[in-house]
Amino acid sequence: MTDMTANPRRQRFAWFLDPFAAVARDRFALGGLIILGLFFVIALFAPMIATHDPFASAMTESGRLNRLARPSAEHLLGTTTFGHDVFSQFILGFRVALLVGLLGAFAVGVISTLFGVISGYFGGWIDDLLMRITDIALSIPTLPFAIVAVGLLGPSVNNIILVIVLLFWRNGARIIRAAVLTERERVYVRWARAAGASHLHVIVKHILPNVFRVVFLWVTMSVAFAVLTEASLSFIGLGDPSTTSWGQMLNTAFASGNLRSAWWWVVPPSLALVTLISALYLVGRAFEEYNNPRLRAKR
């Protein structure tokens, strides 16, 4: 009895569960998921893991500033040129990276999906209007726009997320639209229309579940884009000065002239960025393979 009731539920959410199950069977993607889970746990408990105030200057017993101290029991990753604890800044950087990545990618996914689904499903003048707006957005250069926008709006995490959303929804809208154009010509969609189903019913019940794989793939890629954009803006001095991020740590190390000498200050945020982007790539690669029959056939 349990199996009979469980199977319909399983089939109902197969469009959501099957891709994750397929990705989890890939060893590299599973490793990426484990890394992402570890990063998420560290970000969640970052204030409890941090051992010092990230902006408090450490002093020596003689009352002098404890600047550029090497890793020790007191300061696990040493100190900066201002005497700030590197370990605490590094740990709190997890929270900023995932906050920007997840919020930015979620907003990008929502806007891209709305534009892509509405444009691809309805077609006609609606498609022309939305795609012309997308074309105008695609003509805007990414990095110059980000620098000017954050410079005008002010360096803050909220403004960086806003700029990320404005920059990265445009490509996803075209990708999702292409998937919707294929799905709307399927037999079951035509039958649903012939049966008198509303547009909302067709979109929610038939279109979205079948383009979810494309949406999720784009959202995964957007997380990486968002993290790299935040790190880039912080590295050139446009990060939020009230928070600590990995890009900001590298910017401060570069500005102080210790980018090469203070390895304990530079290596941790650099490795964290590389590890996070690599984990996202492994998950995205496996998901793309699941989504693309040709890639599955080659494997």
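As a reminder, the structure under discussion sits directly above these lines.
Given the structure is predicted, the values throughout are model-derived calculations rather than measurements. (Residues numbered from 1 in each chain as written. Predicted model: local features only at pLDDT ≥ 70, side-chain atom pairs only at ≥ 80, totals over all residues. Heavy atoms only, no water.)

Counted as a void, the largest pocket has a volume near 420 Å³. If you go around the largest pocket, you meet 19 residues; those closest to its centre are Leu36, Leu102, Phe216, Val223 and Leu280. Among the secondary structure elements, those contributing two or more residues to the lining of the largest pocket are α2 (14–24), α3 (27–44), α5 (86–122), α10 (199–235) and α12 (263–291). Here the lining of the largest pocket takes six residues from α10, the largest share from any one element. Among the residues forming the lining of the largest pocket, the class breakdown is 17 nonpolar, two polar and no charged. (1 Å grid on protein atoms, 1.4 Å probe; cavity = no way out; pocket = protein on both sides within 12 Å on 5 of 7 lines; lining within 4 Å. Points joined across faces, edges and corners; volume = space filled by probe spheres on them. Helix = DSSP H or I, 4+ residues; strand = E, 2+ residues; numbered from the N terminus. Nonpolar A, V, L, I, M, F, W, Y, C, P; charged D, E, K, R; others polar.)

Under the criterion given, the structure shown has one cavity of 30 Å³ or more. Its boundaries defined by the atoms lining it, the largest cavity holds a volume of some 30 Å³. Lining the largest cavity we find Val96, Val157, Ile160, Glu230, Ser234, Gly239, Asp240, Thr243 and Ser245. Secondary-structure elements contributing two or more residues to the lining of the largest cavity are α8 (157–183) and α10. When grouped by side-chain class, the residues that make up the lining of the largest cavity number three nonpolar, four polar and two charged.

Nonpolar side chains collect at one region of the surface, where Phe40, Val41, Leu44, Phe45, Met48, Ile49 and Leu102 lie side by side and expose about 670 Å² of accessible area between them. Contributing elements (two or more residues each) for the nonpolar patch: α3 and α4 (46–49). For the nonpolar patch, the leading source of residues is α3, giving three residues. One can find Phe40 in helix α3. Assessed through its relative accessible area of 45%, Phe40 is described here as partly exposed. (Patch = residues over 30% accessible without salt bridge, like charges linked within 9 Å, V, L, I, M, F, W, Y side chains within 5 Å. Areas by Shrake-Rupley, 256 points an atom, 1.4 Å probe, with all protein chains shown as cover. Salt bridge = Lys/Arg side-chain N within 4 Å of Asp/Glu carboxyl O. Buried < 20%, exposed > 50% of the residue type's maximum accessible area, 1.4 Å probe, protein only.)

The next point concerns the packing of aromatic side chains. Overall, the coordinates contain 12 aromatic pairs when judged by the stated rule. Relative to Phe225, the ring of Phe168 has its centre 5.4 Å away and its plane inclined at 25°; by these criteria the two rings are stacked. Remark: Phe225 occurs in helix α10 and Phe168 occurs in helix α8; sequence separation between them is 57 residues. Classification of Phe225 by relative accessible area gives partly exposed; the value is 31%. Three or more aromatic residues joined by ring pairs form one cluster here, namely Phe39, Phe90, Phe94 and Trp246. (Phe/Tyr/Trp six-rings, centres within 6.5 Å; stacked < 30°, edge-to-face > 60°.)

Moving on, we come to the side chain of His84. Within the secondary structure layout, His84 lies in the loop between α4 and α5. Look at His84 and you get buried, because its relative accessible area is 15%. A distance of 3.4 Å separates the side chain of His84 from the backbone oxygen of Phe55, its partner in a polar contact. (Polar contact = N/O pair within 3.5 Å; in protein donor to acceptor, adjacent residues only side chain to side chain.)

What follows covers the pattern of salt bridges. Evaluation of the coordinates by the stated rule reveals six salt bridges. Linking Asp135 and Arg132 is a salt bridge whose minimum nitrogen-to-oxygen distance equals 2.9 Å. Linking Asp135 with Arg132, this pair stays in helix α6 (residues 124–138), spanning three residues, or about one helical turn. Between Glu183 and Arg186 there is a salt bridge; the shortest N-O distance is 3.8 Å. Under the relative-accessibility criterion, Glu183 is labelled buried at 8%. Residue Arg186 is classed as partly exposed on the basis of its relative accessible area of 38%. Within this structure, Arg132, Asp135 and Arg174 form a network of salt bridges that share partners.

What follows covers unusual backbone geometry. Even without being a glycine, Leu68 presents a positive backbone phi close to 55°. Counting through the fold element by element, Leu68 comes out in the loop between α4 and α5. Looking at Leu68, the relative accessible area reads 23%, which means it is partly exposed.

Take the nonpolar core next. Membership of the largest hydrophobic core comes to 31 residues, with the highest contact counts inside it found for Phe90, Ile91, Phe94, Trp246, Trp265 and Leu276. When contributions to this core are tallied by element, the ones reaching two or more residues are α3, α5, α10, α11 (246–255) and α12. Looking at this core, the element that brings in the most residues is α5, giving nine residues. With sequence-adjacent residues up to four places away left out, Phe90 is seen in contact with Leu77, Trp246, Met249, Pro268, Pro269 and Ala272. (Core = buried A, V, L, I, M, F, W, Y, C linked by side-chain atoms within 4.5 Å. Contact = heavy atoms within 4.5 Å.)

Locating Arg190 in the fold gives a position in helix α9 (residues 187–194). Through-space distance from the C-alpha of Arg190 to that of Val202 is 9.4 Å; in sequence the pair is 12 residues apart. Among the polar contacts listed, one links the side chain of Arg190 to the side chain of Glu185, at a separation of 2.7 Å.

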